[in-house]
Amino acid sequence: MSGRPGGHFAQWLDRRLHLAKFVKKAMNHVFPDHWSFMLGEVALYSFIILVITGTFLAMFYNSSSAQVTYHGSYRALDGVKMSAAYESVMHLSFDVPAGLLIRQMHHWAALIFIAAILVHLARIFFTAAYRRPREINWLIGVTLLLFAFGNGFFGYSIAGDLLSGAGLRVAYAILLSVPVVGPWLTFLFLGGTVPASVTLPRFYSFHIFLVPAVISILLAFHLGIIWRQFHTNYPGPRRTDETIVGSRLWPSYAAKSLGLCFFVFALVAMLGGLVQIDPIWVYGPYDPIASTPGAQPDWYFGWIEGAMRLFPGINLHLGPYLIPEVFFPAVLLPALVFAALYVYPFVEEFICFDREYHNVLRLPYQQPINTSIGCGFFVFLAVLFVAGGDDVIAVATGGSVVTIRLILRLLVFVAPPVAAVLIYMLCARARRRHTASHPPAPPEDVVVQEETTDSSNEEVRTHCDWKEKCDW
Amino acid sequence: MTENGEQNNAPQESEPVADRNERNPKRIGQLIVLVVLGWELCKLVARRAVAKAFAGGAAVSGETAAEYPETAAERPKTAADCPETATEHFGSAENTGRAADRNLDPQRDTTTHQQWGMLLVVCASAIALAGGVGFLLIYWTGGNNLLLGVTLAVSFGGLGSALVLYSHWLMSRKEATEPREEMPSGTVEREDFAENFQESEEDIHRRSLLKWIAVPTAGMIAAMVVSLFRSLGRPPDPSLFSAVWTRGQRLMTLDGRPVNVNALELGSTTIVFPEDSIGDEKAQTVVVRVNEQFLQLPKERANWAPMGYVAYSRVCTHAGCDVGLFEKTTNLLMCPCHQSTFDVLKAAQPTSGPAARPLPQLPLYADADGNLRAGGGFSEPPGPGFWGMP
Ligand code: FES
C-alpha cells in the first residue's frame, strides 16, 4: 500500500469528519455467508427500485377523478369517458417513452418486495432467528410487512381502472364494517362512498409519501439494529453464541451484495419488459355500473379474499347495532394473524423460560414444535389463498363453487393440524437420527481443547446448545 | 482548444439546432476532430488501466510466490477449515482487522487463477456495456418497451455477474471470526451511567414544574392534532342509510328511458335509476321480471311487484360489488365478487355464499301510462353492513 490511503477526497472528508477509525470498523464488519441471509436484501433492493421507478411515475400521475374524454394513442379506447387519473396512467403507458416499462417494473418490484419480505420472514421463523436479542427487529420486520401490504393496496387502487375501482369498493366495505368507528373512518378518510373525489388524492399521498416515509424509517432502524447486533450464524464449526463468522464487508461482502442488487434490478427489468402486468387498458376505466368482473386483488391479499369467500354469511346483531359478516374474515382474521406474529417471540420466551442470548440458529428439525406451528400456519394461509380463487378452480374443474367451498371450509380446519403433526413427526425423526449418528459430546471445556485438532466435535457442541436450553 | 471554446458558445446562439449544422459545415469537421480526440483519450485511459491491472496482478503473484516457500510447509494444514487459522482468528481478532486474518488461499492466488477471473469479469462487464449500449440505441430509436426491458436486464445482469465473479475469483475468501459485543452493558458502564444521570438530575431544579408543563402541553398538542383529522371529511351522514329513491320516481335506464310494464320479457333484467339521479352508484337497482305465481314475497310486500316486476338494490350486501349476474333457470341473482347468490323469488334472501343480508327491495307500482315507478325507498339501507345499520 502507498503511504496515502484513500486519496485526496477521503482525506478531505477525514479532516472534517474524523472517519478513519469508524470506516475501518465498518469495513471489517463481518457478515455470514449463506444465501438465506440475502432474502432481506432482495426486499431492500426491490424497495430501492420502487422508489426510483415510483419517482418517475409520480411525474406523470394525476390523481384527479374529474371526467375526461380519452384521445391518446391507444385507439381502442378513443373517445371513452374516464377519470383523469386513469387517463394519466394511459398516457404514461402509451405515450411516454419507456413509461410502460417503468410502470411494469414498479408493479413487479412491488410484488417481489412483498414476496421477499414473506420469504425472509419464513426464514427467520423457521430458524428461530427472532429469539433474544432480536425481538425488536422481528417487531419492526412484521410492521414493515404490514406497511408493504398497505402500500401495495394503495398503489393498486390509484390507477383508476375497473379492477382497482372494484377493489376499492370492497376495501370500503371492509373499513365500514369495523364496529363503532367504521362509518367515521370511511367518511373521514375515504370521503364517504368510494370512490369519492377525495379518495384517490388521499391514497396517492399515502402511497407516495406517508407509507414510504414510514417504511424508510423502519428500514433504517431494521438495518441499524442488525448492524449493531450482527447477523446470526447457522450452526457449524466455530459458530457460537459469542462469535460471528463470515466474510468482511469490504471487499468481499460488499461486492457480493452489490452484485445481488444488480441481479434484482435485472430480474425486475426483465419481468417489466417481458411479462405484462396490470394491463389497465384491457380492464377499461372504472365505471360504477359495469358488472364487476371476478375481480382478484394482487396475490398477497389472496388469503383475505379467500377468507371472505369461505366465511359463512353470519351477522352479529348487538341490540340496535350490527357487526357485518365481512368484519370477521377481513378485519378480525388479519388482525389476529398479525397479532400472532407480533407476540410469537415473546410467547416462546415465556413458555421456555428462555432468557439466553441466541446467536446460533436452530435448524428446522432441531425445533419440531416451532417448525410444525409455522407449517400449520402457512398451510392455513395457503388454503385460504386457494379459496381466493375458488371460482377459477370451479371453472377449471367443472365442479360447482358451492361444493368446492365446502371442501375448502373443511380443509381450512383440518389441513393445518394435519400438516403440523406430520411435520412434527418428520422433525422428531430427523432429530432422533441426528442424535443417534452424533453421540453426545463430552463436557464443554474438553471440547474447546480438542477444537484445535478436530473441528467436527465443535459442530456437535453447538448442536447440543439448543438441547440444553429449550427444544420448543 | 479553439474548437472547444466555440462548442461552449454554441448553446448561446439562438438559431435552432437543426439547421446549425447545415449552415456551418465547419462544425461537422470540428465534431469529427472531437470524436477522434475522445477516442484517443479513451484508448489512453484503457491502456493505462490494463497496464496497471496487469502490473498489480504481477505484483500480487510475485508476493505470493515469495511467500510460498515459507508457507509451503504449512500448506497442507491451512486448507479449508484449518483449525490453526481458526484459533489464530480467535485469539487476535480482538484488536483485529485485516492483519489478523491475512492467510492467503494458495488456490486463489495463482496468476492463472487471477487471469481467468479477470477474463470472466471483463466478459461480464462487456455484456453489461453491450446491454447499456443496446438500451440507449433502442431508447433513442423509438423505445420498444419490451426490448428496453431486456437490454436493461442484460446490462444489470452483466454488472451483477461482474461483481459476483470478481468477488469469487479475484478476492480471497477468508472466513473471518469476530467476537460479538456483550449484550447488556457491563456493571461498570451501567453504574457510570446511573451516576451521570443522577448528577444531571440534580441540575434540574423544581422538577415538578417540568411535569406540570409537560403533561398539559402534550395533551393539548395531541388534542390539536386529533382535531385536525376532523377537517378530513364530514361525519357519517344519512346517505349511509338510504339511497335517493323516493315514492313516485320513475324507473329510468342508464340512457334515460322509463321502463314500461311491457318492456321486459319473463326472466330478463334491466338496470334502473331514480329519474333525477341517473348513474348514481348507490341507487342502482336491478329490475327482474318473473312469473307472478312463483313469487314468494312476505305478506307486507305483496303489492310491491306489479305484473311480476321485482326490483332489488344492485349493490351487494356483502362487500358492495355490483350484483351483476342473473341466472334465469334458478331465478338467482349472483354477485361476481364472492359468488353470493340471492333468490329473486324470495325477496332476495341469500341462498349461498358469504352474504348474510338480503338485497334491499324497492317497492314498485305502474302508473297510468304503464311506466314503473318507485313506491318508496328501499326496504333496508342498501350496500354493505355497518355498525348502526338497522
Ligand atoms: S361483494 Fe357480493 S359476494 Fe362479496
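Now for a quick tour of the structure. (Residues numbered from 1 in each chain as written. Chains lettered and ligands numbered in written order. Predicted model: local features only at pLDDT ≥ 70, side-chain atom pairs only at ≥ 80, totals over all residues. Heavy atoms only, no water.)

What follows concerns the overall build of chain A. Helix and strand content of chain A: 18 helices and six strands. With the C-alpha coordinates of chain A rotated into their principal frame, the extents come out at 80 × 65 × 45 Å. Across the 472 residues of chain A, 55% fall into the buried class. Of the contacts made within chain A by residues no fewer than 6 positions apart, 76% connect residues no fewer than 24 positions apart. (Helix = DSSP H or I, 4+ residues; strand = E, 2+ residues; numbered from the N terminus. Buried < 20%, exposed > 50% of the residue type's maximum accessible area, 1.4 Å probe, protein only. Contact = heavy atoms within 4.5 Å.)

Attention now goes to the layout of surface pockets. Residues and elements named next belong to chain A. The computed volume of the second largest pocket comes to approximately 1,300 Å³. Elements with a minimum of two residues in the lining of the second largest pocket: helix H6 (135-157), helix H7 (162-176), helix H8 (182-189), helix H9 (199-229), helix H12 (302-310) and helix H13 (327-352). A per-element tally of the lining of the second largest pocket places H6 first, with eight residues. In the lining of the second largest pocket, the residues fall into 33 nonpolar, five polar and two charged. (1 Å grid on protein atoms, 1.4 Å probe; cavity = no way out; pocket = protein on both sides within 12 Å on 5 of 7 lines; lining within 4 Å. Points joined across faces, edges and corners; volume = space filled by probe spheres on them. Nonpolar A, V, L, I, M, F, W, Y, C, P; charged D, E, K, R; others polar.)

Quick look at the state of the cysteines now. All names here are of chain B. Counting across every chain of the model gives one disulfide over all chains. Disulfide partner of cysteine 321: cysteine 337, at an S-S distance of 1.9 Å. An S-S torsion of about -80° defines the bridge between cysteine 321 and cysteine 337 as left-handed. Taken as a pair, cysteine 321 in the loop between strand S5 (309-313) and strand S6 (325-327) and cysteine 337 in the loop between strand S7 (332-334) and strand S8 (341-343) lie far apart in primary sequence, 16 residues in all. (Disulfide = S-S within 2.5 Å.)

This part takes up unusual backbone geometry. Following A:Arg132, the chain continues into A:Pro133 via a peptide bond in cis, with omega recorded as 10°. With respect to the helices, strands and loops of the structure, A:Pro133 is situated in the loop between helix H5 (99-126) and H6. Going from A:Trp250 to A:Pro251, the amide bond is cis rather than trans, its omega being 0°. Along the chain, the position of A:Pro251 falls in helix H10 (residues 249-274). Unusually for a residue other than glycine, B:Ala347 sits at a positive phi of about 55°. Here B:Ala347 shows up in the loop between S8 and strand S9 (349-352). Taking the relative accessible area as the measure of exposure, B:Ala347 reaches 6% and is therefore buried.

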